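# Observations on the model geometry
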Amino acid sequence: MMDHPLRHALVDELHARPFPVLQAPAHVVFMALKEPGNSVNRDRGADLALLNDWLAAQGMAAALPGAMHHTGQGGRASLKWESHTEFVTYAAFQPGLPDQAFDPMEGEVFPKDWLAGSAAQRLVAGLIRVEEMPEDEAAMLARLEGWLQAESLAVARVVDGAAVIAGDFRIDEGGYMRFAVFVRPGTGPRRVGRIVQRLCEIETYRAMSMLGLARVRDLTRVLNDLDPRLSALVGRLDESGGAESALHDLLQISAELERLSVQHGFRFGATAAYQAIVAQRITVLREERVAGRQSFGEFMMRRYDPAMRTVKSAEVRLNAMAERAARAAELLRTRVDVERQAQNQKLLASMDHRADLQLRLQHTVEGLSVVAISYYALGLLGYLAKPLAHWAHLDQTWVMAGLVPVTLGLVWWGLRWIKSGHTQNLP
């Protein structure tokens, strides 16, 4: 049988980004790098070059050209690298735990000068501490309160009690966000790897989705300026006069709204997609409350979801304003068309009046033409009638007088005949 040329590639895509295999105790450093501006069309070759620089420094083999994901082992650390639409992620998994919890020195696996000269910037940076779950839950909570800020601390028992995860979603002095994972003894390394991977994804996609909030704040200021202008123009739709000027202003506003829709359309779509991933990753963790503490889902519901609703409301507002401007422009165009039709009717009436005057003038000129042509015709007939009158012994004066009505009648009939022929040829 002949296979479709993409069959194997599509199946390989299902297995292209495997979960890490991680055994407690361990610690993880993860990052997401994004270029400012239009990162969708970034130079992905530069991403691979930056990755290969790090791999070379660790004594690891370079990634394949055009790779979208890469895993490797160098020394005590294993790396998981992925290229996404807008960003790339790095995760270094190392066995064992440092003496000091969440020591910023853990992040030295990615040197500070490593990004020098690169357009990529650090959007996400986190430390994850993975250790076995203590038997005393109170002791575990005491450790968390010593490591993380209690005000924003989120704690949950996940995956049917296989682990307890915790985080405060705050950036520490070293520039890292901190998460702790307490693993129940006997939990398999693949399950531990899936839990850690989902923590990385929750934080990464949360940060990416909240880029929409930053864009929306600027967009809201622009919409706040356009909204009263649009409302004022819509309020003047029923006023007489100035319709074409109002239409010009309204088309300018519509063009600006369309530009904003094009400029922010991708970010709105990306934000919705990233938000859905965050919600899905939290759902699959199957959280259970720990000692009355807020879970990750509750933390997101109180602080993260309002930000996403703000982005969604801005998108709805932009679309509503664009539709309102389009409807108002259509109404104004209709009004302008009606006014132009009324002007055309007046112009046609004026043309009809002028045509009537021209017809009357034509009739007057036609009568004068009959007299003028008859006069010259009588002059010619006079030369012909003189010898005939002399031969017939008739008075020349009476002969000329008798020719006058005959000539007038023939000239009038001839002009009417010519005019009738031209009229019949008209379409």
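For the structure, check the block above.
First, a word on what this report is: a plain description of the structure on this page. (Residues numbered from 1 in each chain as written. Predicted model: local features only at pLDDT ≥ 70, side-chain atom pairs only at ≥ 80, totals over all residues. Heavy atoms only, no water.)

A few words now on the overall build of the protein chain. Along its length, the protein chain carries 8 helices and 9 strands. Counting only contacts in the protein chain whose residues sit at least 6 apart along the sequence, the fraction spanning at least 24 positions is 73%. Total accessible area on the protein chain stands at roughly 24500 Å², and carbon and sulfur atoms take up 58% of it. (Helix = DSSP H or I, 4+ residues; strand = E, 2+ residues; numbered from the N terminus. Contact = heavy atoms within 4.5 Å. Areas by Shrake-Rupley, 256 points an atom, 1.4 Å probe, with all protein chains shown as cover.)

In spatial order, the strands read β2-β3-β4-β1-β5-β8-β7-β6-β9; together these 9 strands make up an open sheet with mixed pairing. Since the sheet does not close on itself, it has two edges, and those belong to β2 (69-74) and β9 (288-289), each with one partner. Strands in contact with helix α2 (residues 44-57) are β1 (26-34), β2, β3 (77-83) and β4 (87-95); relative to β3, the strand with the most contacts, it is inclined by about 175°. Of the strands in this sheet, β5 (121-132), β6 (154-158), β7 (163-171) and β8 (177-183) are in contact with helix α3 (residues 137-147), which crosses β8 at around 170°. (Pairing = 2+ DSSP bridges. Axes fitted to C-alpha atoms, helices over the stretch in contact; angles between N-to-C directions.)

We now examine unusual backbone geometry. Cis rather than trans, the peptide bond between A24 and P25 has omega equal to 0°. Inspection of the secondary structure puts P25 in the loop between α1 (7-14) and β1. Positive phi outside glycine occurs at V159, with the angle close to 50°. Residue classification places V159 among the buried residues on the basis of a relative accessible area of 6%. (Buried < 20%, exposed > 50% of the residue type's maximum accessible area, 1.4 Å probe, protein only.)

Moving on, we come to a nonpolar patch on the surface. On the surface, a cluster of nonpolar side chains totalling about 290 Å² of accessible area is made up of L347, L348 and M351. Judged by its relative accessible area of 44%, L348 is partly exposed. (Patch = residues over 30% accessible without salt bridge, like charges linked within 9 Å, V, L, I, M, F, W, Y side chains within 5 Å. Salt bridge = Lys/Arg side-chain N within 4 Å of Asp/Glu carboxyl O.)

The buried fraction of β4 is high, at 8 of 9 residues. Across 9 bridges, the pairing between β1 and β4 is antiparallel. Looking at the pairing, A32 lines up with T89 of β4. Where β3 lies against β4, 6 bridges are found, and the strand directions are antiparallel. In the sheet register, E82 faces β4, and the bridge partner there is T89.

With that settled, the discussion passes to the packing of aromatic side chains. A ring pair, where both rings are aromatic, is described by two values, the distance of the centres and the angle of the planes. The tally for this structure, following the rule as stated, stands at 13 aromatic pairs. Here the aromatic rings of Y90 and W114 are separated by 5.0 Å at their centres, their planes lie at 85°, and the arrangement is edge-to-face. Highlighted residues: Y90 in strand β4 and W114 in the loop between β4 and β5, separated in sequence by 24 residues. Assigned by exposure class, Y90 and W114 land together as buried. Three or more aromatic residues link up through ring pairs in this structure, and these residues are W54, Y90, F110 and W114. Its guanidinium or amino end placed over the ring of Y176, R122 lies 5.4 Å from that ring's centre, counting from NZ or CZ. (Phe/Tyr/Trp six-rings, centres within 6.5 Å; stacked < 30°, edge-to-face > 60°. Lys NZ or Arg CZ within 6 Å of the ring centre and 35° of its normal.)

The next thing to look at is the packing of helix α4 (residues 189-209) against helix α5 (residues 211-235). Contact geometry of α4 with α5 gives a least axis separation of 4 Å together with a crossing angle of 10°. Judged by the angle between their axes, α4 and α5 are roughly parallel. Across from A207, M208 and S209 in α4, the residues of α5 making contact are L211, G212 and L213. For the contact of α4 with α5, a count of residues per class yields 4 nonpolar, 2 polar and no charged. (Parallel < 35°, antiparallel > 145°, perpendicular 65-115°, else oblique. Nonpolar A, V, L, I, M, F, W, Y, C, P; charged D, E, K, R; others polar.)

Our next topic: the nonpolar core. Most often, soluble globular proteins keep nonpolar side chains buried together rather than apart. Counting residues in hydrophobic clusters, the biggest one holds 67 residues, and the most contacted among them are I128, V130, V181 and V196. When residues in this core are grouped by element, the largest group, 15 residues, is from helix α7 (residues 296-391). Filtering out sequence-adjacent residues up to four positions away, V181 remains in contact with I128, R129, V130, E131, A163, V164, I165, I195 and L199. By size, the runner-up hydrophobic cluster in this structure holds 39 residues, among which are M60, W114, V155 and F182. (Core = buried A, V, L, I, M, F, W, Y, C linked by side-chain atoms within 4.5 Å.)

So, about the pattern of salt bridges. Under the counting rule described, the total for this entry stands at 19 salt bridges. The shortest N-O distance in the salt bridge between E86 and R267 comes to 2.4 Å. Within this pair, whereas E86 is found in the loop between β3 and β4, its partner R267 is found in helix α6 (residues 243-285), the two being separated by 181 residues in sequence. Measuring nitrogen to oxygen at the nearest pair gives 2.3 Å for the salt bridge that ties E298 to R289. On the basis of relative accessible area, E298 is assigned to the partly exposed category, the value being 24%.

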